[in-house]
Amino acid sequence: MLVEQGFDLYMERDAASTIHYPDNRYTASGVNICQRNEALACDIVIHLAPLSPDDIKRMRRGAMLLTLLSLNRITRESIEALLSRHIITIAIDLISDNKGNLPFADILAEIDGRAAMARAASLLADSVHGKGILLGGVTGITPCEVTVIGSGIAACAAAKSAAGAGALVRVFDNDVYRLRQTERELDNRTVTSALHPRVFENALRTADVVIYTGIDPTPVIDSNTVGLMKRGVIIFDLSKDCGKAFPSIPTIDLALASPLDISLTEPSRACYINAGNAVARTAAMALSNTFATMLHSITDNADGFNSALRMVPGLQSAALTFLGKPTNADIAALVGRRCIDIGIYLTLS
């Protein structure tokens, strides 16, 4: 699609091997397969994981980088390199459309919710590292209990998958209106509850799977509560601030390691993060059309990156760095600098 729109595309050799697409599938569509350095030297670079400082130094000065916010993975050195090279860094998960939706973030949230339940079901059924049980049970056997914390897109996707498999699902949130909307969306197939301390603790005690998707304020589930939870409970954190809800247990990043290599028997407990990375091909396919539409808007409706930021809805709020300055409060805090309003620069440039 991008080649047909007139883009010259360069892709790092074997970049798509993790989604089982060979390079020749791309060359047949007009993509130039190249070494990493050549791909990094393009005007627009798509790299969802944070780039290393060495990679950023290989980028063209003033280029545009499309990535994910990844506050728990980006380093101070990488941010300083982005600022030094005057890279225009856009976090795709912060991009909004003209209706206020977050197309990239919403897609990723839905994938995370469904992927978490798929992996949880696999882990429960594993007779070596898990309990050797089915998520939904069978006739005459009580199904597994799933506790979902939050009621956004990721929470609804996880609850829908669990309920569809036959599990008993409880959804907790401190926003009653969102809970009511969740009940309607799930056709009353789940039990919803406000975060009443005693009710919430009882649900955690009996849960076979716990999915945390992020609510404000973050509920801190301390070591005493974790100690009361079932042996072999599967815990996923799908929030942006991974690990804050379960500070007493280690996290396992599914972007870097397979949970099948980790024993879930006591005394070990783990909290899995980045669930969507377990289904990289689904994520790539789901994001592709949105990328094609956005890149077309950048080049078709604007003359240069600065104009694109003015004209394409939702890009300004997604900018992390611009003209050597941090334009996102979280990124500015990581490097100890003052956050600059990007609107001021766009007006003057």
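Anyway, here's the lowdown on the structure attached to this text. (Residues numbered from 1 in each chain as written. Predicted model: local features only at pLDDT ≥ 70, side-chain atom pairs only at ≥ 80, totals over all residues. Heavy atoms only, no water.)

### Considerations on the pairing of strand E13 (residues 319–322)
As a reminder of what qualifies: Two strands make a pair as long as DSSP finds a minimum of two bridges between them. Secondary structure elements are taken from DSSP: a helix is a run of H or I of four residues or more, a strand is a run of E of two residues or more, and numbering for both begins at the N terminus.
The sheet contact formed by strand E5 (residues 88–91) and E13 spans two bridges and is antiparallel. Considered in E13, the bridge of Thr89 is made with Thr321. Alignment of E13 against strand E14 (residues 325–326), held across two bridges, turns out to be antiparallel. Within E14, the position partnered with Thr321 by the bridge is Pro326. In this antiparallel pair of consecutive strands, E13 and E14, the connection spans two residues, and Leu323 shows a positive phi of 55 degrees.

### Quick word on the sheet that holds E14
Taken in spatial order, the five strands of this open sheet run E3-E4-E5-E13-E14, and their pairing is mixed. Each edge of the open sheet is held by one strand with a lone partner, namely strand E3 (44–46) and E14.

### A few points about the sheet that holds strand E10 (residues 234–237)
Strand-to-strand pairing in sheets goes through backbone hydrogen bonds, with the strands running parallel or antiparallel. Condition: What counts as an axis is a line fitted to C-alpha atoms, over the stretch in contact for a helix, and the angles between N-to-C directions run from 0 to 180 degrees. When checking whether two residues touch, look at their non-hydrogen atoms; a contact exists if any pair is within 4.5 Å.
Across the sheet, which stays open at both edges, the seven strands sit in the order E8-E7-E6-E9-E10-E12-E11 with parallel pairing between neighbours. Across the chains shown, the open sheet's two edge strands, defined by having one partner strand only, are strand E8 (191–194) and strand E11 (251–253). Ignoring strand direction, the axes of neighbouring strands in this sheet form an average angle of 20 degrees. With three bridges joining them, E10 and strand E12 (residues 271–273) adopt parallel strand pairing. Bridge assignment links Asp237 to a residue of E12, and that residue is Ile273. Those strands touched by helix H5 (residues 103–125) are strand E6 (145–149), strand E9 (209–212), E10 and E12, and its axis lies near 160 degrees from that of E10. Helix H6 (residues 153–164) rests against E6, strand E7 (168–173) and E9 of the sheet, and its axis sits at about 165 degrees to E7.

### Concerning the packing of aromatic side chains
Which entries qualify depends on this criterion: Aromatic rings from Phe, Tyr and Trp, with only the six-membered ring used for Trp, were paired whenever their centres fell within 6.5 Å, and each pair was classed as stacked if the ring planes differed by under 30 degrees, edge-to-face if by over 60, and tilted otherwise. Working definition: with a 1.4 Å probe on protein chains only, accessible area under 20% of the residue-type maximum means buried, over 50% means exposed, and in between means partly exposed.
One pass over the full model with this rule turns up four aromatic pairs. Plain terms: the ring middles of Phe104 and Phe291 are 4.9 Å apart, the flat faces sit at 55 degrees to each other, and that makes the pair tilted. Of this pair, Phe104 sits in helix H5 while Phe291 sits in helix H10 (residues 280–300), and the two are 187 residues apart along the sequence. Across the pair, exposure class does not vary: Phe104 and Phe291 are buried alike.

### A look at the side chain of Asp208
This is how it is decided: Between N or O atoms, a polar contact is any pair within 3.5 Å; within protein, one atom must be a potential hydrogen donor and the other a potential acceptor, and residues adjacent in sequence are included only when both atoms are from side chains.
Inspection of the secondary structure assignment puts Asp208 in the loop between helix H8 (197–206) and E9. A polar contact is formed between the side chain of Asp208 and the side chain of Lys230, at a distance of 3.1 Å. Here Asp208 is in contact with Leu124, Lys131, Ile133, Cys144, Glu145, Lys230, Gly232, Val233 and Ile234, once residues within four sequence places are set aside.

### Points about unusual backbone geometry
Across the junction of Asp216 and Pro217, the peptide omega takes the value 0 degrees, indicating a cis bond. Within the element layout of this structure, Pro217 appears in the loop between E9 and helix H9 (223–228). Although it is not a glycine, Asp187 adopts a positive phi angle of roughly 55 degrees. By the secondary structure assignment, Asp187 is in the loop between helix H7 (176–185) and E8. What makes Asp187 exposed here is its relative accessible area of 58%.

### What to know about the packing of H5 against H6
Note the threshold: Crossing handedness is defined as follows: a turn of the near helix away from the far one that is anticlockwise and smaller than a right angle gives a left-handed crossing, while the clockwise case is right-handed. In this classification, Asp, Glu, Lys and Arg are treated as charged, Ala, Val, Leu, Ile, Met, Phe, Trp, Tyr, Cys and Pro as nonpolar, and every other residue, Gly included, as polar.
Taken N-terminus to C-terminus, the directions of H5 and H6 make an angle of 30 degrees; their axes are 7 Å apart at the nearest point. The hand of the H5/H6 crossing is right-handed. Every residue of H6 that contacts H5 at Asp106, Ala109, Glu110, Gly113, Arg114 and Met117 is listed here: Ile153, Ala154, Ala157, Ala158, Lys160, Ser161 and Ala162. Among the residues making up the contact of H5 with H6, the classes are represented as seven nonpolar, two polar and four charged.

Any link to function would need more than the numbers given here.
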